[in-house]
Amino acid sequence: MNAIEVKNLTKVFGKFTAVDNINFNVKQGEIFGFLGANGAGKSTTIRMLIGILEPTYGDALVSGYSIKNQSDLVKQNIGYMSQKFSLYNDLTVVENIRFFAGIYGLDGKKYEERKEWVLKVADLENMGNVITGSLPGGIKQRLALGTAVIHEPKIVFLDEPTSGVDPISRRNFWDLINELSEGGTTVLVTTHYLDEAEFCNDIILINAGKLIAQGNSQELKSNYIKNPILEIESDRVVDSLEILEKEKWVGETSIFGNYIHVILNDSTINEQHIFQLLQNKNGIAVKRVEKITPTLEDVFIHLIEKDSKKNVQ
Amino acid sequence: MFNRIFAIAKKEMRQLKRDIRMLFIVFFFPVVLLAIFGYAINFDVHHIKIAVYDQDRSEYTRDYISGLISSEYFDLVTYIDNDDQIKKMLDEKIVQAVVVFPKDMSRRLLSKQEVKIQFLVDGVDGTSANVIQNYVNAATYSYSIQLTKEYLAVTGKNLYVPIDLQPRFWFNPDLQSTRFLIPGLMGMILIITAVISISLSIVREKERGTIEQINVSPLSSIEFILGKTIPYIVISLINATIVLLAGYILFGIVIKGNILLLLLGTFAFLFAALSLGVFISTISDSQQVAFQAANVTSLLPSLILSGFIFPIESMPIAIQVLTNITPAKFYIVILRAILLRGAGISAFWDQLIYLGIFGLVFIVLATLVDKKSKNK
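Computed from a predicted structure; not experimentally measured. (Residues numbered from 1 in each chain as written. Chains lettered and ligands numbered in written order. Predicted model: local features only at pLDDT ≥ 70, side-chain atom pairs only at ≥ 80, totals over all residues. Heavy atoms only, no water.)

Now for the overall build of chain B. Within chain B one finds 14 helices and four strands. Once the C-alpha set of chain B is aligned to its principal axes, its extents read approximately 95 × 45 × 40 Å. Relative to its 376 residues, chain B shows a buried fraction of 44%. A sequence separation of at least 24 residues applies to 76% of the contacts in chain B between residues at least 6 apart. (Helix = DSSP H or I, 4+ residues; strand = E, 2+ residues; numbered from the N terminus. Buried < 20%, exposed > 50% of the residue type's maximum accessible area, 1.4 Å probe, protein only. Contact = heavy atoms within 4.5 Å.)

So, on to the overall build of chain A. Of the regular secondary structure elements, chain A holds 11 helices and 14 strands. Reported as C-alpha extents along the three principal axes, the dimensions of chain A are approximately 75 × 45 × 35 Å. Scored against the burial criterion, the 313 residues of chain A give a buried share of 55%. For chain A, the share of sequence-separated contacts (at least 6 apart) that also reach a separation of at least 24 residues comes to 69%. Put simply, chain A has 33 plus and 41 minus side-chain charges, and the middle of one group is 4 Å from the middle of the other. (Lys, Arg positive; Asp, Glu negative; His and termini not counted. Charge placed at Lys NZ, Arg CZ, Asp CG, Glu CD.)

Between chain B and chain A, the residue contacts involve 23 residues of the former and 27 residues of the latter. Taken as a group, Arg18, Gln213 and Val216 of chain B account for 25% of the area that chain B buries against chain A, more than any other trio of residues on that side. At the boundary of chain B with chain A, the tally comes to four salt bridges. The partner of glutamate 212 of chain B in a salt bridge is arginine 47 of chain A, with the nearest N and O atoms 2.9 Å apart. (Buried area = accessible area lost by both parts, 1.4 Å probe. Salt bridge = Lys/Arg side-chain N within 4 Å of Asp/Glu carboxyl O.)

Next up on the list: the domain arrangement of chain A. Accessible area lost on assembly of the parts is the figure often given for the size of an interface. As assigned here, chain A comprises domain 1 (2-218) and domain 2 (226-293). A C-alpha centroid distance of 41 Å is found between domain 1 of chain A and domain 2 of chain A. (Domains from an automatic or database assignment.)

Core analysis: the biggest nonpolar cluster contains 127 residues, and Leu143, Leu145, Leu158 and Phe300 of chain A together with Phe308 of chain B have the highest contact counts within it. Examining the composition of this core, we find that 16 residues originate from one element, helix H7 (residues 177-208) of chain B, more than from any other. Counting 30 residues, the second largest nonpolar core, distinct from the first, contains Met48, Ile52, Val62 and Ile206 of chain A. (Core = buried A, V, L, I, M, F, W, Y, C linked by side-chain atoms within 4.5 Å.)

What follows is about the domain arrangement of chain B. Domain annotation of chain B identifies domain 1 (2-42 + 176-374) and domain 2 (48-154). A C-alpha centroid distance of 50 Å is found between domain 1 of chain B and domain 2 of chain B.

It is worth spelling out the pattern of salt bridges at this point. All names here are of chain B. Applying the stated criterion across every chain, the model contains 29 salt bridges over all chains. Note that glutamate 205 and lysine 11 form a salt bridge whose closest N and O atoms lie 2.4 Å from each other. You can see glutamate 205 sitting in helix H7 and its partner lysine 11 sitting in helix H1 (residues 2-18), a full 194 residues away along the chain. Lysine 228 is the partner of glutamate 205 in a salt bridge, and the nearest nitrogen-oxygen pair spans 3.0 Å. One end of the pair, glutamate 205, is in helix H7; the other, lysine 228, is in helix H9 (residues 221-251), and 23 residues separate them in sequence. Since its relative accessible area comes to 2%, glutamate 205 is described here as buried.

A few words on the sheet that holds strand E10 (residues 210-215) of chain A. Residue and element names in this part refer to chain A. With mixed pairing, the six strands of this open sheet are ordered in space as E6-E7-E8-E3-E9-E10. With partners counted over all chains shown, the strands left at the sheet margins are strand E6 (78-82) and E10, one partner each. Put simply, the sheet's adjacent strands are angled 15° from each other on average, direction ignored. Pairing of E6 with strand E7 (residues 155-159) involves five bridges; the strand directions are parallel. (Pairing = 2+ DSSP bridges. Axes fitted to C-alpha atoms, helices over the stretch in contact; angles between N-to-C directions.)

It is worth spelling out the packing of helix H2 (residues 20-40) of chain B against H7 of chain B at this point. All names here are of chain B. Look at H2 against H7: their axes get within 10 Å of each other, and the N-to-C directions meet at 160°. The orientation of H2 with respect to H7, classified from their angle, is roughly antiparallel. In this structure, H2 meets H7 at a crossing whose hand is right-handed. Every residue of H7 that contacts H2 at Met22, Ile25, Val26, Phe29, Pro30, Leu33, Leu34, Phe37 and Gly38 is listed here: Thr178, Ile182, Leu185, Met188, Ile189, Ile192, Thr193, Ile196, Ser197 and Leu200. Tallied by class, residues from the contact of H2 with H7 come to 15 nonpolar, four polar and no charged. (Parallel < 35°, antiparallel > 145°, perpendicular 65-115°, else oblique. Left-handed = near helix turned anticlockwise from the far one by under 90°. Nonpolar A, V, L, I, M, F, W, Y, C, P; charged D, E, K, R; others polar.)

Moving on: helix H4 (residues 108-121) of chain A. Residue and element names in this part refer to chain A. The first and last C-alpha atoms of H4 sit 20 Å apart over 14 residues, in line with the 20 Å expected at 1.5 Å per residue. For H4, every residue scored as buried is listed here: Tyr111, Arg114, Lys115, Trp117, Val118, Leu119 and Val121. Looking one or two residues beyond H4, the residue adopting positive phi is aspartate 123, at roughly 65°. (Expected span 1.5 Å × (residues − 1).)

The residue aspartate 202 of chain A is located in strand E9 (residues 202-207) in this model. Aspartate 202 of chain A sits in the buried class, given a relative accessible area of 16%.

All names here are of chain B. Put simply, H9 and helix H10 (residues 259-283) touch, their axes get as near as 10 Å, and they point 130° apart. On the basis of the axis angle, H9 is oblique to H10. Relative to H10, H9 is oriented so that their crossing is right-handed. For the pair H9 and H10, the contacting residues are Ile225, Thr229, Tyr232, Ile233, Ser236, Leu237 and Leu244 in the first and Leu262, Leu263, Thr266, Phe267, Leu270, Leu274 and Val278 in the second. Of the residues in the contact of H9 with H10, the class split is 11 nonpolar, three polar and no charged.

Residues and elements named next belong to chain A. Even without being a glycine, asparagine 8 presents a positive backbone phi close to 50°. Mapping asparagine 8 onto the fold places it in strand E1 (residues 2-13). Here asparagine 8 falls in the partly exposed class, since its relative accessible area comes to 40%.

Looking now at the sheet that holds strand E13 (residues 259-264) of chain A. All names here are of chain A. On the basis of which strands lie adjacent, the open sheet formed by four strands has the order E12-E13-E11-E14 and antiparallel pairing. Looking at strand neighbours, the two that pair on one side only are strand E12 (250-256) and strand E14 (286-292), the edges of this open sheet. The average undirected angle you get between the axes of adjacent strands in this sheet is 20°. In this structure, strand E11 (residues 229-234) lies alongside E13, joined through five bridges in antiparallel fashion. Counterpart to leucine 230 in the pairing with E13 is valine 262. Helix H10 (residues 271-282) contacts E11 and E14 of the sheet and is inclined by roughly 150° relative to E14. Along the sheet face, helix H11 (residues 296-312) touches E11, E12, E13 and E14 and points at about 125° away from the line of E12.

Okay, here's the thing in structure tokens:
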């Protein structure tokens, strides 16, 4: 059974279509990555799935309940945590836990048990009386996730949970997500970080409200970019890029620090052609040219550019 | 359901405990307002400064003046001796009124002719001028009667006054304006603290994003609003008690009527005021906006339109209709009935209904606006 089934989900604000006829399924217990640029419609989709925004068309079943007609039942079966860490900064850690336990109706032994669990996962075992606002970001974020799942929901939605957090805290946070997933909780997570997307069992990518790709990371890499990619390292990155873009056999280009990734339209082109063009004709020192398998980033840049071009036409 | 409401209420109390600014608004503000308004707004006119231009300098003029200044209403500042000084006295506001006795006053009195005494009053402050005129009329009338009696005594007759009016002021025998003002003040203080505190406390959740976490929980809007308002109902009742105690200690106001009825009226009023506050929270996005809106909708109308200071009966019809925008108007009627007259529910049941309607209207409006904004 699928934890989430999204059918023709659409949200229109006035003349603007924020989410445009999206369909996807999320399997029970998996970590599902939801990717897209800012304003692509990720948050709008999530807000519909958690029952606080009504869809204009379409529907979704979350834990078997319709978000259109049974949003109260949906709310009882999910947890939600957003980038803003919706904890009360002026309450202590335990006061926050007690409050969220209270609105989900936990009390007595169950409450004590879950309180201990939240304190443990947030690494705050002896710091229950600390004011939440004074905690460091990474800890606060784990506390927020802990309180968001205090009622042990079957599905948890995480809306950019790691934005603005240092890499070590991000790593710790993902350990916690994996722990939840192993315990059978379905996790739907939106993120900007493509390295985080690699941790997901399944991924969808949306652009301008439309779903443009889905699959696991292997499928995405092999299904969406058929043409070879070359990684070029040279001493004048910007100049090299300008020269390359004039060539007919160059498809898309993108800069990654000192490297340029080039998707070739013509598979007969090889490393030698690049050396010839940049070094011999234009006098740019080329350190390295290598054929690579595409990264998720290449895939997404490729897909988003393709989609944007289509939209312009 | 009650557990969830209770969870919200407890959380609200814990937050309030740490919020110094809010505690100040909620507890200190009312007492300060009561003291300032109680002492500052005082329509009783005492110690009016007068000057006397006595061209007669007789026993009669002295008697007349001592009759005026023996009361606490008038203070004799100075005697003057020419017409020019009259203008100076009034222009420079050295005195509020000047009494001018004519040159031939005693001669005319002795020859049983009518005497005209000129009384010049600074009319800029119309209310005071009116009061001054009334006091002087009364004083002159009683001196006239005294002279008539003396005259008749000489001729061996008794004065017969056919009608003697004996006014007695009920509910406020000394006509102290504070007795009239305290109920209005109590209404104003309660509405300000109730509307400001509830709207700020809801908008703060919007501003900080914590409302999002509540929206995704199974908590219904009704549970949320009830949980939020319970602490402020308790606080408002404490406030009402503080104001009543301060009214007793500072101004000697005792509750004449039934305390349970007072509680009932206060509940009805808090329902109306809190739903106004909830409505404001739905149309405001920041605490600043909410604070301004709460001030404008609670402070100004309850000060000007509630009948607290200016009697509603003497306003133009259009303004009288407008007075219904403040629940303080209805509450003040209830308070005056219970506090000053000791009246029963028959004197104000209609006001309870108005308060109920007011509260319902704003709760429904708030729900509509909230539904609409959720789909944006």
